[in-house]
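Here's the letter readout for the chains.
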Amino acid sequence: MITFMNNSDSEEEPCNERTSLMSAESPPVPSYQDGLPASEAGEAQAHRKRRTGSSRSPNNIADGDMSDSGVPVRESALENEEEELTLKYGAKHVIMLFVPVTLCMIVVVATIKSVRFYTEKNGQLIYTPFSEDTPSVGQRLLNSVLNTIIMISVIVVMTVFLVLLYKYRCYKFIHGWLILSSLMLLFLFTYIYLGEVLKTYNVAMDYPTLFLVIWNFGAVGMICIHWKGPLQLQQAYLIMISALMALVFIKYLPEWSAWVILGAISIYDLMAVLCPKGPLRMLVETAQERNEPIFPALIYSSAMMWTVGMAKPDTAARGPSQQTWDAAEDGRGNHRSPSHADSQMSETRSPVPTRPITSFEELEEEERGVKLGLGDFIFYSVLVGKAAATASGDWNTTLACFVAILIGLCLTLLLLAVFKKALPALPISITFGLVFYFSTDNLVRPFMDTLASHQLYI
Amino acid sequence: AFFWLVSLLLSSLIWFIAVKASDPRDEPLQKGLLIFGVMFSVLLQEAFRFLYYKLLRKAIEGLVALSEDGCSPISIQQMAYVAGVGFGLMSGAFSMINLLADALGPGTVGIHGDSQLYFLTSAFMTMVLIFLHTFWGILFFHGCEHRRWWEIMAVVVMHLAVSGSTFCNPMYVGSLVPSYLLMAAAAAWAYLLSGGSAQNLRRFLLCK
């Protein structure tokens, strides 16, 4: 417990992942709040960066060029195609996100059901100081609400802090914070998890082997997440750290506080992403102004953006701007600003070649992926895990929450395709999940139990 | 699946309210309420199947409007099949999963005088229900598409019959046999509706 308290800062970072889905039109938002997975890390994007670039260059050029008439036609054609492609690939995106969310939930539920450690009450985090052991219902409710207020305010403070850091370009600080938090997740939490799993299955492991395993796991994880690595390995690591974080939450948040926190966080998410003065929205806008990419460490991305080696004949004019987008893929914001200035200038000077733009579009179809913040994963898994842990051993509740969350995610992606801007991914899913949890636990369970005892089928 | 879940939710809400409002010690009343709950649930499920059909219809129209060549990438029959499978899987999962979880633990089946074949018959019943839901999905959507109300009524009546037959449990002959017969009938009907024929079947079986 003492270790948790000491590492409270870095522990909070993963907790604070904000969740929002970024839409197509906006350029990659560095919603990557380095230290604060919670804050913005939750922005998913349908990567339309290149398309945005190609559809924006006609705009720039239309301002002072002869090809004015060609431009509006191109714009509407682009829009129609965009819509079609959105819908066609919408289903693909949904599947691409279903799989990791399901995997994360499966890992969490499997651990909860088998390893007893995560359902034992062994103290609380310092963020939830009020205990829930009080005899009266009113007192318990009050304590949980107070816990929630404290937790949410911590998250808000962290988010605002991160936005400020990002605004004043303190990238090194953000980097360091993030690296520290993922270090802790990958090494410490994995060590504890492995220890508990081994204890449950009564498997003996000596320290040298343990050290070797954890060292390799952690080192490869750090490289994969923060630098380069095979996409699937990176996705697997992100799923694993989300699951670990969710397990920590499930263990250390008291019962009622957990539910109230889930509800409050989805409301906060909604406000932070959609309100004009919300921290997440400000972050999104700042990132859009700077045209910076997202750091991969706290966002789950379903498709890799690989550098485009387009050998097109008249790409001389496109060359500089293309390199700008390529550089963006590498994800380091440091050399963004100078190259960004280049692209602006080159775009205004060059005429609009038709073929490179279509080839941009073709390439874009292959690379487009969806991004979802790790905070989303974490809170979805917390909901399902809590359902598995506390629903009196009933699997129906877990299953119902699982389906509810997936349907919520579906709806959110649908809205993303319609609205084409940053959207919070938490509210709809968590609302569905909470509604289904409470109703299944209290209403459906007695019904199904009675039916099963008489062996009646509906 | 989601729609089935919502229908289950609503029907259990109704049953719960009814139970809470009644006397818990009155056995026949409780049994009667249970029967009422089951029937109501069946009706609600079919209603939600209809609602789902309406939703999918709208979706298909949207897809057709946006597609390049005027036809949607997924046909209504495929959607009917998927809807049926979704309903079936959800109903099956809800019926079986607690049983399976308990089956992993220690215990003896039927030690208190209940039937020893409990797990086995539950498994078979669940299986037949999943199949039935799939076929009912196809039949129902076909009926809605072609405005043949008698097909829709047939599905509802079949569902009520199957659920009703489970009231004979633990006399499993009364519930399993009719259910399997109905399943065979529904399977043949759905197969014919989906464009199959005896010739197709023969060709398929003989690998021509």
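Quantities reported herein were computed from a predicted structural model and do not represent experimental measurements.

Caption draft 1: Here's a closer look at the interface of chain B and chain A. Counting residues at the interface gives 37 residues for chain B and 32 residues for chain A. When the two sides are added together, the surface that chain B and chain A hide from each other amounts to roughly 3200 Å², 74% of it contributed by carbon and sulfur. Ranking the residues of chain B by area buried against chain A places Phe2(B), Leu66(B) and Phe94(B) at the top, with a combined share of 19%. Linking chain B with chain A are 0 salt bridges, by the criterion used here. Our enumeration of links across chain B and chain A arrives at 2 residue pairs in polar contact (both at pLDDT 80 or more). Sorting the residues of the side of chain B that touches chain A by element identifies helix 1 (2–20), helix 2 (27–66), helix 3 (76–103), helix 4 (118–145) and helix 5 (149–165) of chain B as the ones contributing at least two each. In terms of residue count, helix 1 of chain B provides more of the side of chain B that touches chain A than any other element does, 11 residues in total. Residue composition of the side of chain B that touches chain A, grouped by class: 22 nonpolar, 14 polar and 1 charged.

Caption draft 2: A look at the UniProt feature "transmembrane region" (unreviewed entry) in chain B. According to UniProt, the positions carrying the feature "transmembrane region" (unreviewed entry) are residues 31–52, 79–97, 117–140, 152–173 and 179–198 of chain B. In the segment residues 117–140 of chain B, helix accounts for 96% and strand for 0%; the C-alpha atoms at its two ends are 33 Å apart.

Caption draft 3: Structural view of helix 8 (residues 231–252) of chain A. An ideal rise of 1.5 Å per residue puts 32 Å on 22 residues; helix 8 of chain A measures up with 32 Å between its terminal C-alpha atoms. For helix 8 of chain A, the tally of buried residues reaches 18 of 22 residues, placing the bulk of the element in the interior.

Caption draft 4: Expanded view of the pattern of salt bridges. The final tally for this structure, using the stated rule, is 5 salt bridges over all chains. Across the pair Glu196(A) and Lys199(A) runs a salt bridge whose closest N-O atoms are separated by 3.2 Å. Of the two residues, Glu196(A) and Lys199(A) both sit in helix 6 (residues 171–200), 3 residues apart, roughly one turn of that helix. The class for Lys199(A) is exposed, based on a relative accessible area of 60%. A salt bridge links Arg49(B) to Glu46(B), with the shortest nitrogen-to-oxygen separation between them at 3.1 Å. You can see Arg49(B) and its partner Glu46(B) sitting in helix 2, 3 residues apart, about one turn around the helix. Per residue, the accessibility class of Arg49(B) equals that of Glu46(B), and both read buried.

Conventions used here
Residues numbered from 1 in each chain as written. Chains lettered and ligands numbered in written order. Predicted model: local features only at pLDDT ≥ 70, side-chain atom pairs only at ≥ 80, totals over all residues. Heavy atoms only, no water. Contact = heavy atoms within 4.5 Å. Buried area = accessible area lost by both parts, 1.4 Å probe. Salt bridge = Lys/Arg side-chain N within 4 Å of Asp/Glu carboxyl O. Polar contact = N/O pair within 3.5 Å; in protein donor to acceptor, adjacent residues only side chain to side chain. Helix = DSSP H or I, 4+ residues; strand = E, 2+ residues; numbered from the N terminus. Nonpolar A, V, L, I, M, F, W, Y, C, P; charged D, E, K, R; others polar. UniProt positions renumbered as here; feature names shortened; annotations may be inferred. Expected span 1.5 Å × (residues − 1). Buried < 20%, exposed > 50% of the residue type's maximum accessible area, 1.4 Å probe, protein only.

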